[in-house]
Amino acid sequence: MATTRSAGDAATSVSSALGLGSGSGNPGLRKLSTASGGGGTAPSWQSCYYCTREHFKTISDFVNHLRNRHCTREGGSFVCRYGFNGVCASLPLDGVSDRDYDAHVAKYHVNQHTREMPPEWGVYSAAQNLPAVLNDPSRGKQSNLFTKKWGEHFVERSHVPPSPRLPDITHADFAVYLGSIGKRYRWHERRQQQLERDKPLENGAQGATGPQTPSHLSAVPEIFLKSQLQLHHPATFKQVFPNYMQTTASSPDAHQQTGRQLQEQLSLYLDMVEVKIAQQVSQKSAAFFHAMTTQHAILAEMEQAADQVRQLRSALAQLHSHSVVDSFRVLRFAQRRQHYNLTLDKLRLMATVHKTQPMLQLLLGTQDYVAALDLIGTTQEILSAELLGIHCFKHLPMQLSEMEKLIDKMLTTEFERYAAADLNRPLSDVPGGETDSVCAEEDKLVAIVMGLLRKQNFSFVQCYQQEAIATIRAIIKQLLIEVLARSDSDQEISLTGHGEQALELTLPEWIALLLRSSQALVSILERIKTVVGIMQQTADAAVGAQDAVNLIDSEAFLSPGHHEQLHCQLQQLLQAVCHYCHERCANIVSPQSLEKSSASEPELCQLSEIVDQFGETTRSICGVASVPLQLALKVQASRYAQRFHSERKQKLSLLLDQERWRQVDIPHEFQRIIERMAAGDYAKPEISGNLISNGAGNPVLLVEGKQPYTLVSASLMLIRMLYEYGGSAHRLPLLASYHARNVVDLLRCFNSRSCQLIIGAGAMRVAGLKTITSTNLALVSRALQLVLWLLPKLKEHFQAMSGYEAIERDYQGHIKEIENKIHGIVSERLAAQLDAWEARPPIPSQTFRHISRHLVKLHEAIAGVLPEAQIHEIYGVVHRNFKDKLREQLLKLNVNNNGGPQHGVVTSELTFYMETLRTLKALPAEQLDNGILEEIWLY
């Protein structure tokens, strides 16, 4: 015991020399114990294995961390995830209750003695590398497909020579390093051997002292190793002196015995600490004595360093007083001057802002609305950015906003007043005069429109459109009032706002009203176009277009999107105004206005000229053609065309009913009409008066100078009517489509009515004809042929003649039917004669004489009417029918080609028959031979 105490005294003296306290509350005691390695490791609850930056001061913080970060709750169960890959090895995965989870954490994680970091998985942690797994693991790494299938020895391995760029490393390259490190390594080996020799002696000394004396610092309670030991706390006092108060209350002897045991235990703890201190001192003795020997040199260096520090401080003080202070004073003065300048600029800016309202009044007085709005916008930006919070300008933003609204209202009012004044200026007497095409007060208009564009107020376009429409309505109304004032009618008429009252006016008055209205509206449209052009130029200048006139001094403020929108609105304005003008003029030309008047062709031409001129003018203004006025004119044209056609159709029907179907002479005027129609010339006026009754003329009508046509008076009237239709369409192209349909209807009427009168024998009842002769049929056929010749010319002239093919088919069918009727009549008479014929003398017989007489009469009836080719065709059919009927009669009479008397009679009769045809030249020359003498016997 004495030995231990002496050793402890020695350790205490050594620790005092080193400046280390011997009390259990000394902070150095814990540091030394930790450095010596005799103490335990840090508790497992002070840090988290998997959250490297999480450290905890108490156990409750650690438990809360595990519950929040490493625990999942599934229903009412808790699953611990405090482990590698989120799996705890001590808790089943199905979860436990809250109470069992707290017990699990306290047992396996808070009081965990071993602290081994979990293994971190890496590439080398796998049992085999990925290529070996993807290939055959039993074969190892394969170089290609052949070695994989047939083994590594299938291909020859080539030897790779060593690289010439890598040096050859030998043992001599490490000789210098081994020579420099060898001395240190041998000293380290001797030191390790000495420590191994001292360890058994130390263990023997501890055994001599007694087995009850522990040598490890783990036997010392943790309370004595803390940096602060506060015994006045009840909890700390209770840990240092356990059961001390109970023994004091029981008996004084027990109290003394307990105090003695506590003193011995504390002495034991002190001996253990002193022994560890002595071990540390013995291990560091060489360094300690080295420090003691070099202490004087260190003190000398310290004094030298202190002198250098004093010199440096004096130099720094001098530098601070002479350089730094003055420099800082200069910088402070410069900063103060900058602040003064900023304050002065701010005051000047405030003075400028204070003059905003007087400047606004001045700008508004000069109608510079854009500059006024720019000034308001700039002032508001300055107030919100640079003068925010200044008390004297507290109400100025609100005043500027009200001023901006006032300017907007002022611009709208000024524009409305300007539009009304400009549109209601007196109209000039000359269309397109200076007052109509020049804008009044253009500078004022530019200023107003520029201000409205600056406010992005595009409603002025609609406002101007409404004002223009109101002006147009007022002009029409004023013109109607003037017309009524000049008229002699005493009828009381009240006009509506649109002037849509069917007035008792003559047609010339309506045309004069339309002419004056169109001229006045053109003047107004020219004004509107000029104003719209100025608006467009202003918009171009506002958007900053390169080819625009520079009308503003500031930068462009209109966006391209708004510029395009305004351009479309202006175009729509022109189109809407022009369309409204056409609607108002269409009401003048409408059937309601002209229902009691019938326009003649010159009046209709005059109307068409007015409408076309007005339409071209409006198209040049707005770029789009308007329909209403053209539709109204077409309605009038349709009424005129219908009246024109009804008159001629009725007249043609009357002429056909009165027609005697006799040949008439062709007047020279009709010959010239045919020639003009053949050349497509309809420019000259048609024939006036009744020229058919004149005796002068040719018996036939020559077509193309060589084709003669024998006609009746109805055919001539039809030609005259067709020429009138063509001339009317030529003079007024608007009527061409109507006349084309009416011409087809007129030709269809002529065809059907002539067919009823001649083929249907209606002329015997209507015109009083006794019979329908072949001459009548031939004259009708010739008239129809003339119409067929005229059809292509009419189609070319009218260009849109629908029903042309149907008319052509009807006429050709009618002509064919007339031919059938002609040769049908003759064939019936010849057949009736042959029925009574017998092959016996006299020759020629009476039958063939009658047959010859019928052929001669037919030729006399049609020879001067029909052309030779058509006559040959008719006689060809009659000739064939004659041969057929004669064969039947020969079979009936049983006459054969045997050279007998009856055969001779037939030959003589046929010779007489053919001689009659040769005399008439009724057949082509090649058919007039005696071939019938042989053909008649061929069945």
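The text that follows walks through the structure, step by step, so that each part is easy to find. Bear in mind the structure is a predicted one, so any value in this text is a computation, not a measurement.

Turning our attention to the overall build of the protein chain. A tally of regular secondary structure across the protein chain gives 32 helices and four strands. In the protein chain, buried positions account for 36% of the 939 residues. Partitioning the contacts of the protein chain with sequence separation of at least 6, the portion at a separation of at least 24 is 72%.

Moving on, we come to the pairing of strand E1 (residues 71-74). Pairing of E1 with strand E2 (residues 77-80) involves four bridges; the strand directions are antiparallel. Among the inter-strand pairings, Cys 71 is bridged to a residue of E2, identified as Cys 80. Where E1 hands over to E2, the hairpin turn is made up of two residues, of which Gly 75 adopts a positive phi near 75°.

What follows is about the nonpolar core. Counting 184 residues, the largest nonpolar core has Phe 415, Phe 460, Ile 528, Leu 747, Leu 855 and Tyr 875 as its most contacted members. Ranked by residues supplied to this core, first place goes to helix H19 (residues 507-543) with 17 residues. In contact with Phe 460, not counting residues within four places along its chain, are Phe 415, Val 449, Leu 452, Leu 453, Met 535 and Leu 566. One finds Phe 62, Leu 66, Tyr 82 and Val 110 within the second-largest nonpolar core, a separate group that totals 17 residues.

All right, on to the environment of Phe 912 then. Tracing the chain through its elements places Phe 912 in helix H31 (residues 901-920). On the basis of relative accessible area, Phe 912 is assigned to the partly exposed category, the value being 26%. Residues Phe 912 and Ser 845, spaced 67 residues apart in sequence, show a C-alpha to C-alpha distance of 9.7 Å. Apart from the residues lying within four places of it in its own chain, the contact partners of Phe 912 are Pro 844, Phe 848, Arg 849 and Ser 852.

Applying the stated rule across the entire model yields 14 aromatic pairs. Considering the side-chain rings of Phe 78 and Tyr 101, the 5.9 Å spacing of their centres and the 25° angle between planes classify their relative orientation as stacked. Within this pair, whereas Phe 78 is found in strand E2, its partner Tyr 101 is found in helix H4 (residues 98-110), the two being separated by 23 residues in sequence. Under the relative-accessibility criterion, Tyr 101 is labelled buried at 1%. Between Tyr 682 and Tyr 723, the aromatic rings sit 5.5 Å apart at their centres with planes inclined by 25°, giving stacked as the arrangement. Linking Tyr 682 in the loop between helix H23 (668-679) and strand E3 (701-703) with Tyr 723 in helix H24 (residues 713-731), this pair joins segments that are 41 residues apart in sequence. Take Tyr 723: its relative accessible area is 1%, and that puts it in the buried class. Put simply, the rings of Tyr 50, Phe 56, Phe 62 and Tyr 82 touch in pairs and so form one group of aromatic residues. The side chain of Arg 67 reaches across the aromatic face of Phe 78, ending 5.4 Å from its centre. Residue placement shows Arg 782 over the ring face of Tyr 709; its charged tip is 3.7 Å from the ring centre.

Let us look at helix H15 (residues 396-423). With 28 residues, H15 extends 40 Å from end C-alpha to end C-alpha; this agrees with the ideal 40 Å at 1.5 Å per step. Burial in H15 covers these residues: Leu 396, Leu 400, Met 403, Ile 407, Leu 411, Glu 414, Phe 415, Tyr 418, Ala 419, Asp 422 and Leu 423. Buried residues in H15 make contact with helix H12 (295-354), helix H13 (356-365), helix H14 (369-385), helix H17 (442-454), helix H18 (460-486) and H19.

A few words now on a nonpolar patch on the surface. A cluster of nonpolar side chains, namely Ile 169, Phe 174, Tyr 177, Leu 178 and Ile 181, defines an oily patch on the protein surface of about 500 Å² accessible area. Along the chain, the position of Tyr 177 falls in helix H7 (residues 175-209).

For the structure on display, the rule yields 25 salt bridges. A salt bridge links Glu 704 to Lys 793, with the shortest nitrogen-to-oxygen separation between them at 4.0 Å. Of this pair, Glu 704 sits in the loop between E3 and strand E4 (707-709) while Lys 793 sits in helix H27 (residues 774-798), placing them 89 residues apart in sequence. Across the pair Arg 720 and Glu 724 runs a salt bridge, and its minimum N-O distance is 3.4 Å. Of this pair, Arg 720 and Glu 724 both sit in helix H24, four residues apart, which is roughly one turn of that helix. Of the two residues, Arg 720 and Glu 724, both sit in the buried class. When salt bridges that share partners are traced, they join Glu 647, Arg 648, Arg 720 and Glu 724 into one network.

This paragraph deals with the packing of helix H29 (residues 846-862) against H31. At a closest axis distance of 10 Å, the pairing of H29 and H31 adopts a crossing angle of 15°. Here H29 lies roughly parallel to H31, going by the angle between them. Pair H29 / H31 crosses with right-handed handedness. Mapping the contact onto sequence places Phe 848, Arg 849, Ile 851, Ser 852, Leu 855, Val 856 and His 859 in H29 and Glu 909, Phe 912, Tyr 913, Thr 916, Leu 917 and Leu 920 in H31. Class assignment of the residues belonging to the contact of H29 with H31 gives a composition of eight nonpolar, three polar and two charged.

Attention now moves to a positive patch on the surface. A grouping of Arg 829, Arg 849, Arg 853 and Lys 857 is seen on the molecular surface, where their side chains present a positively charged patch. Broken down by element, the positive patch gets its largest block of residues, three residues, from H29. Following the sequence through the fold, Arg 853 ends up in helix H29.

Secondary-structure assignment places Arg 648 in helix H22 (residues 628-658). On the basis of relative accessible area, Arg 648 is assigned to the buried category, the value being 15%. Reaching out from Arg 648, the side chain makes a polar contact with the side chain of Glu 724 at a distance of 2.7 Å. In this view, Arg 648 contacts Met 721, Glu 724, Tyr 725 and Leu 746; residues no more than four positions away in its chain are not counted.

What counts and what doesn't
- Residues numbered from 1 in each chain as written.
- Predicted model: local features only at pLDDT ≥ 70, side-chain atom pairs only at ≥ 80, totals over all residues.
- Heavy atoms only, no water.
- Helix = DSSP H or I, 4+ residues; strand = E, 2+ residues; numbered from the N terminus.
- Buried < 20%, exposed > 50% of the residue type's maximum accessible area, 1.4 Å probe, protein only.
- Contact = heavy atoms within 4.5 Å.
- Pairing = 2+ DSSP bridges.
- Core = buried A, V, L, I, M, F, W, Y, C linked by side-chain atoms within 4.5 Å.
- Phe/Tyr/Trp six-rings, centres within 6.5 Å; stacked < 30°, edge-to-face > 60°.
- Lys NZ or Arg CZ within 6 Å of the ring centre and 35° of its normal.
- Expected span 1.5 Å × (residues − 1).
- Patch = residues over 30% accessible without salt bridge, like charges linked within 9 Å, V, L, I, M, F, W, Y side chains within 5 Å.
- Areas by Shrake-Rupley, 256 points an atom, 1.4 Å probe, with all protein chains shown as cover.
- Salt bridge = Lys/Arg side-chain N within 4 Å of Asp/Glu carboxyl O.
- Axes fitted to C-alpha atoms, helices over the stretch in contact; angles between N-to-C directions.
- Parallel < 35°, antiparallel > 145°, perpendicular 65-115°, else oblique.
- Left-handed = near helix turned anticlockwise from the far one by under 90°.
- Nonpolar A, V, L, I, M, F, W, Y, C, P; charged D, E, K, R; others polar.
- Lys, Arg positive; Asp, Glu negative; His and termini not counted.
- Charge placed at Lys NZ, Arg CZ, Asp CG, Glu CD.
- Polar contact = N/O pair within 3.5 Å; in protein donor to acceptor, adjacent residues only side chain to side chain.

Treat this as a map of the structure, not an account of what it does.
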